[in-house]
Amino acid sequence: MSDDILMKAAFKASNRSDDLHTKVGAVILCESLDTCTANNFYVGDDSKKEERQDRPLKYAFTTHAEEGAIMGSFRMGHDLKDGKMFVTHIPCPTCARLIAQSGIARVVCAMQRTSTSDVDEPITRAILSECDVEFVEHEKPLG
């Protein structure tokens, strides 16, 4: 599958996000797995979701798309060694650490920014680079 097709799949996944402010999608492709897709989502009591949508509280109750895709792949018993991740936003440093530790070898990112990207991006790039994970910038797909 091409990078363009997988990036479109990541954006399609992002549309399922229940986050009111930032919708993120991720797709993992690896040898033992066709694809695993995920979006960022709220974890907790749905009756409290609305009051927990604002920063910084939402960070405690939100699973990032990258985390969801990695955990989903592991739950299905897949080895992510040398896998590829396609993500709609710049991963945060925590997700960069998870990506590096999971064995993913390449991250293709649409480079959409969040409110913390200015601080997070240099750290994310350093983590991925120092862990030999290729980081590729990709244009946001049209349509």
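The coordinates are above.
Residues numbered from 1 in each chain as written. Predicted model: local features only at pLDDT ≥ 70, side-chain atom pairs only at ≥ 80, totals over all residues. Heavy atoms only, no water.

**Student:** Is there a simple way to explain the packing of aromatic side chains in this structure?
**Tutor:** The relation between two aromatic rings is expressed through the spacing of the ring centres and the mutual angle of the planes. Under the counting rule described, the total for this entry stands at one aromatic pair. Ring geometry for Tyr42 against Phe61: centres 6.2 Å apart, planes inclined by 25°, an arrangement best described as stacked. In this pair, Tyr42 is assigned in strand β3 (residues 41–42) and Phe61 in helix α2 (residues 57–61), connecting sequence segments 19 residues apart. What makes Tyr42 buried here is its relative accessible area of 8%. Take Phe61: its relative accessible area is 22%, and that puts it in the partly exposed class. The ring of Phe61 has Arg52 lying over it, and the distance from NZ or CZ to the ring centre is 3.9 Å. (Phe/Tyr/Trp six-rings, centres within 6.5 Å; stacked < 30°, edge-to-face > 60°. Helix = DSSP H or I, 4+ residues; strand = E, 2+ residues; numbered from the N terminus. Buried < 20%, exposed > 50% of the residue type's maximum accessible area, 1.4 Å probe, protein only. Lys NZ or Arg CZ within 6 Å of the ring centre and 35° of its normal.)

**Student:** Looking at this structure, I do not really get the nonpolar core. What am I missing?
**Tutor:** A general feature of soluble globular proteins is that nonpolar side chains tend to end up buried together. Grouped together as the largest cluster of nonpolar side chains are 25 residues, with contacts concentrated most on Ile28, Ile70, Ile99, Ile104, Val107 and Leu128. At the level of elements, β1 (25–30), β2 (33–39), α3 (65–75), β5 (84–89), α4 (93–102), β6 (106–112) and α5 (117–130) are the ones that each hand at least two residues to this core. Setting aside chain neighbours within four positions, we find Ile104 in contact with Ile28, Ile70, Leu80, Gly83, Lys84, Met85, Ile99 and Val133. Membership of the second largest hydrophobic core comes to 10 residues, among which are Leu6, Ala10, Val27 and Leu29. (Core = buried A, V, L, I, M, F, W, Y, C linked by side-chain atoms within 4.5 Å. Contact = heavy atoms within 4.5 Å.)

**Student:** Sorry if this is basic, but what is going on with the environment of Met76 here?
**Tutor:** Secondary-structure assignment places Met76 in the loop between α3 and β5. With 40 residues separating them along the chain, Met76 and Cys36 place their C-alpha atoms 9.4 Å apart. Beyond its immediate stretch of four places on either side in the chain, Met76 contacts Leu33 and Cys36.

**Student:** What should I look at first to understand the pairing of β5 in this one?
**Tutor:** Taken residue by residue, a regular strand's side chains alternate between the two faces of the sheet. The element β5 is extensively covered by neighbouring structure, given that five of its six residues are classed as buried. Across four bridges, β1 lies against β5 in antiparallel orientation. Note on β5: the bridge partner recorded for Leu29 is Lys84. As defined by bridge partners, β5 adjoins β6 across five bridges and the pair is classed as parallel. Of the residues in β6, the one forming a bridge with Phe86 is Val108. (Pairing = 2+ DSSP bridges.)

**Student:** Mind showing me how you'd approach the sheet that holds β1 here?
**Tutor:** Remark on secondary structure: sheet strands pair via backbone hydrogen bonds, oriented parallel or antiparallel. Taken in spatial order, the five strands line up as β2-β1-β5-β6-β7 in an open sheet, and their pairing is mixed. The sheet is open, and its two borders are formed by β2 and β7 (134–137), each paired with just one other strand. Pairs of neighbouring strands in the sheet enclose a mean axial angle of 15°, with direction left out of account. Each of β1, β2 and β5 is contacted by α3, which is oriented at about 140° to β2, the strand it contacts most. (Axes fitted to C-alpha atoms, helices over the stretch in contact; angles between N-to-C directions.)

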